[in-house]
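# Fold and geometry: a report
Listed here are the chains, written in short residue letters.
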Amino acid sequence: MTMATVDAPAAGPKAKKARPAPQNRLTAIALFLLAALFVSINVLAAFSLTSYRVDLTEDQLFSLSPATERVLSQLEEPITLQFYYSKRLGSQYPTYGVYAERVRDMLQEYADRSGGKIVLEIYDPEPFTPVEDRAVSYGLQSVALEGVDGNVFFGLVGTNTTDDVEQVAFFQPDREAFLEYDITKMIYALSTGTTGKVGILGNKKITMDVRMGQGGRPEQLPPALVTTRIEEVLEVEELDEEVEVIPDDISILMVIHPKTLPERTRFAIDQYILGGGKAVIFVDPYSEADGWQAANGPVNGAASSLDEMFEAWGLEMPTDKVVADRFAGRRVGNATGTGYVTYVPWLLLRGPNLDGDSPITAQVDSVAVASAGYLKLKEGSPLTLEPLLTSSPGSTLFDVKQVATQRPNPQALLNQYRAGPERFVIAGTLTGEVPTAFPDGQPEAVEGGNPELRHDFDVVREASVGPIDVMVIADTDLLDDRFWVNYQNFQGQRVAVPGAGNGDFVANALDAMTGSSALLDLRGQGSTYRPFEVMETLKRDADRTYQAKEQELRNTLEETQKKLRGLRERDGSTGGPVALSEEEQATMRQLQGDVLRIRSELRGVQASLRSDVERLERELQFINIALMPILVALFALALSVIRARRRRRRIETADAGA
């Protein structure tokens, strides 16, 4: 019997190669499908999810605030925003390129959130093109760059259906924190179509005035410089002191030093504010201008307040105290005329004394006040007080009697100064719902007065129709030129040179208050600039470490050079140079050597000043450029080795089972 035999398959590489590998094909198909799915999702999101974003920045730089959302929700007619940006500007200066990206993204967010009411158009105005001509015609600022032909633009133009035009001439990076405020303000102005009118009411004149001069003849006084600044942004109307109703076309009421306003005029102010009218109120415990007038004749007091309204609102502004601040006090001549002394009731507020997050004060360098009062909410007040101007920590209060003299003694006040435990609010915004200050209704009319100004209210408001929008400043002297303006004669012309930002502060306040109340809720949002905090700390530490040594070397160098010049320029009785002795020549050589040595040490100190920073920069460059790719490569290599070993074990296991 013959048995048939079947040869076993030959072992070796050829046998393994012949094995089917469906798993590899499935893997390739899965990868292809994943890639197709990834591309499809991105294409779908690009066309259908443009209005959905996630802002992961710390300051929410690319998100619109609720205040802006309210303005956008009230748009009734379309608004077109034309963004003019020259890409060459970003190529030449990357900082502007980064900022331009944020502006473009922010404008796109406005368009997406407006429900189709805002149309965004983006232009790159190349030189000698119709687009550049259009940018120039709108009044946008053009800037010439070194080494680049033509000018560049970085501005915004807004238009509405009635051909009103608003613009941002050039987006300055130093105002980046208020980008949303500027854009929202433009949109609000285009949606309302009005520039606003301010009504000025009170016992202090800042417009053109007439007074009796020498010889009993009237003299015409020019308007205060702050009035000129106001007229740049708003229309101004002066109201009679006896007015009994605020006209309907007044966008904002400016009450200045209400010392002797009739009771029915105060009632008109009360009803205007309760009805939703916006107001900026200047009151004062001691007006320096009135105090000076008292030296030449009697005046009807130097203090002013709206007592009945403040009492109803739960607001305190004592008329017997002024704020004194040694740190912000201004320097004035002493009694002997031989020097200067700090006059603590006259303040120059700057830096931390100004609210850096408010568009009203953020870019105002300083505000000068004189014998100012302070604001404080009473317990249980329905108001919220947001400070704009505050005194320094450690400031205190003086009685008005201590400063209300014809010849105040600055040195005596400085000697009496004792630091207090708190800061004082000199100016701030008030919001909240308040009752009327006249619960018994409109006061009775008095005999006399102008009958043409008479007005009887048919309906008297007992409470505000909503949260009031009021700003109170406890000083009227900041409106006087003499406290913040120097006048100089230039080629026969009288030129005003501001020494503080009082005009900007008042103009910004009125401009912001005139717009929607939502504008006052917009605060600074921060900047896209993000410095390395560790590096900044190293720089500060290096400065402190080496600054003292550097200053010491510079002082030694100056003294050495002074001695050396003395030897070189020493003159005799004949007026010519005197021959130096051997000892003096040796001294000169030693001094010259000292100069060279000190200069070398100074260069070494200056080099050390940067050593830590440069070391950190090298480490960061290595981490960003080399270390991360190396780690990724090592991870990929380790992963491939692990997968190869697992694949080999699976094959060996399969062979063993076969």
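These lines cover the structure that appears in this document, whether it is placed above or below. (Residues numbered from 1 in each chain as written. Predicted model: local features only at pLDDT ≥ 70, side-chain atom pairs only at ≥ 80, totals over all residues. Heavy atoms only, no water.)

## Remarks on the overall build of the chain
Our working rule: Secondary structure elements follow DSSP: runs of H or I no shorter than four residues count as helices, runs of E no shorter than two count as strands, and numbering proceeds from the N terminus. Buried residues are those whose accessible area, probed at 1.4 Å on protein chains only, stays under 20% of the maximum for their type, while exposed residues exceed 50% and partly exposed ones sit between those limits. Throughout, a residue-residue contact means that at least one pair of heavy atoms, one from each residue, lies within 4.5 Å. For accessible areas, the Shrake-Rupley method is used with a probe of radius 1.4 Å. Any residue's cover is judged against the shown protein chains and nothing else.
Broken down by element type, the chain carries 16 helices and 23 strands. Counting only residues that meet the buried cut, the chain has 39% of its 658 residues in that class. Look at the contacts in the chain between residues 6 or more apart in sequence, and 75% of them connect residues 24 or more apart. Counting only carbon and sulfur atoms, one obtains 52% of the accessible surface of the chain, whose full area is about 37900 Å².

## Re the sheet that holds strand β20 (residues 425-432)
Cut-off, in case you're wondering: Pairing between strands is defined by DSSP: at least two bridges between the two strands are required. In this description, a line fitted to the C-alpha atoms serves as the axis of each element, helices being fitted only across the stretch in contact, and the angle between N-to-C directions of two axes falls anywhere from 0 to 180 degrees.
Taken in spatial order, the seven strands line up as β9-β6-β10-β11-β21-β20-β18 in an open sheet, and their pairing is mixed. Strands with a single pairing partner mark the edges of an open sheet, and in this sheet they are β9 (235-238) and β18 (384-390). Neighbour to neighbour, the strand axes of the sheet diverge by 20° on average, direction disregarded. Here strand β6 (residues 197-202) pairs with strand β10 (residues 252-256) via five bridges, running parallel. Across the sheet, residue Ile 200 finds its bridge partner in β10, namely Met 254.

## A word on helix α9 (residues 263-274)
Heads up, the condition is: To estimate how far a helix should reach, multiply one less than its number of residues by 1.5 Å.
Here α9 contains twelve residues, and its C-alpha end-to-end distance of 17 Å stays within 8% of the 16 Å for a straight helix at 1.5 Å per residue. With eleven of twelve residues buried, α9 is to be regarded as a mostly interior element. Taken together, the buried positions of α9 are occupied by Arg 264, Thr 265, Arg 266, Phe 267, Ala 268, Ile 269, Asp 270, Gln 271, Tyr 272, Ile 273 and Leu 274. Immediately beyond the C-terminal end of α9, within one or two residues, lies Gly 276, with a positive phi of roughly 100°.

## With respect to the packing of helix α5 (residues 94-113) against helix α7 (residues 179-192)
Applicable threshold: Each angle receives one of four descriptions, namely roughly parallel if under 35 degrees, roughly antiparallel if over 145, roughly perpendicular if within 65 to 115, and oblique otherwise. Each crossing gets its handedness from the near helix: less than a right angle anticlockwise from the far helix is left-handed, clockwise is right-handed. Note on residue classes: Ala, Val, Leu, Ile, Met, Phe, Trp, Tyr, Cys and Pro are nonpolar, Asp, Glu, Lys and Arg are charged, and everything else, Gly too, is polar.
Following both chains from N to C, one finds α5 and α7 inclined at 40°, their axes separated by 11 Å at the closest point. Put simply, α5 runs oblique to α7. Handedness of the α5/α7 crossing: right-handed. Contacts between α5 and α7 involve Tyr 99, Arg 102, Val 103, Met 106, Leu 107 and Tyr 110 from the first element and Leu 179, Glu 180, Ile 183, Thr 184 and Ile 187 from the second. Taken together, the residues of the contact of α5 with α7 sort by class into eight nonpolar, one polar and two charged.

## Quick word on the side chain of Lys 204
Threshold: Two N or O atoms count as a polar contact when they lie within 3.5 Å, although within protein this holds only if one can serve as hydrogen donor and the other as acceptor, and sequence-adjacent residues are included solely when both atoms are side-chain atoms.
For Lys 204, the position within the fold is in the loop between β6 and β7 (209-212). On the accessibility criterion, Lys 204 (10% relative accessible area) is buried. Polar side-chain contacts of Lys 204 include one of 2.9 Å to the side chain of Asp 480. Apart from residues lying up to four places away in sequence, Lys 204 is in contact with Ile 256, His 257, Ala 289, Thr 476, Leu 479 and Asp 480.

## What about the pairing of β10?
How we decide: Think of it like this: strands point away, you trace from the first strand over the helix to the second, and a clockwise trace means the crossover is right-handed.
The buried fraction of β10 is high, at five of five residues. Of the two faces of β10, the one holding Ile 252, Met 254 and Ile 256 and the one holding Leu 253 and Val 255 are both buried throughout. The pairing of β10 with strand β11 (residues 278-282) spans five bridges and is classified as parallel. The residue of β11 that forms the bridge with Met 254 is Val 280. You can see the chain leave β10, run along α9 and come back into β11, and the turn it takes is right-handed.

## Details of the packing of aromatic side chains
Short version of the rule: For Phe, Tyr and Trp, where Trp contributes only its six-membered ring, two rings pair if their centres lie within 6.5 Å, and the inter-plane angle classes them as stacked under 30 degrees, edge-to-face over 60, or tilted in between. Only when the NZ of Lys or the CZ of Arg is both within 6 Å of the ring centre and within 35 degrees of the ring normal is a charge said to sit over the ring.
Under the defined criterion, the tally for this structure stands at 17 aromatic pairs. Connected via pairs of aromatic rings, a cluster forms that spans Phe 83, Tyr 85, Tyr 93, Tyr 96, Tyr 99, Phe 154, Phe 170 and Phe 171. One residue, Arg 134, lies across the ring of Tyr 123, its end atom 4.8 Å from the ring centre.

By themselves, these figures tell us nothing about what the structure is for.
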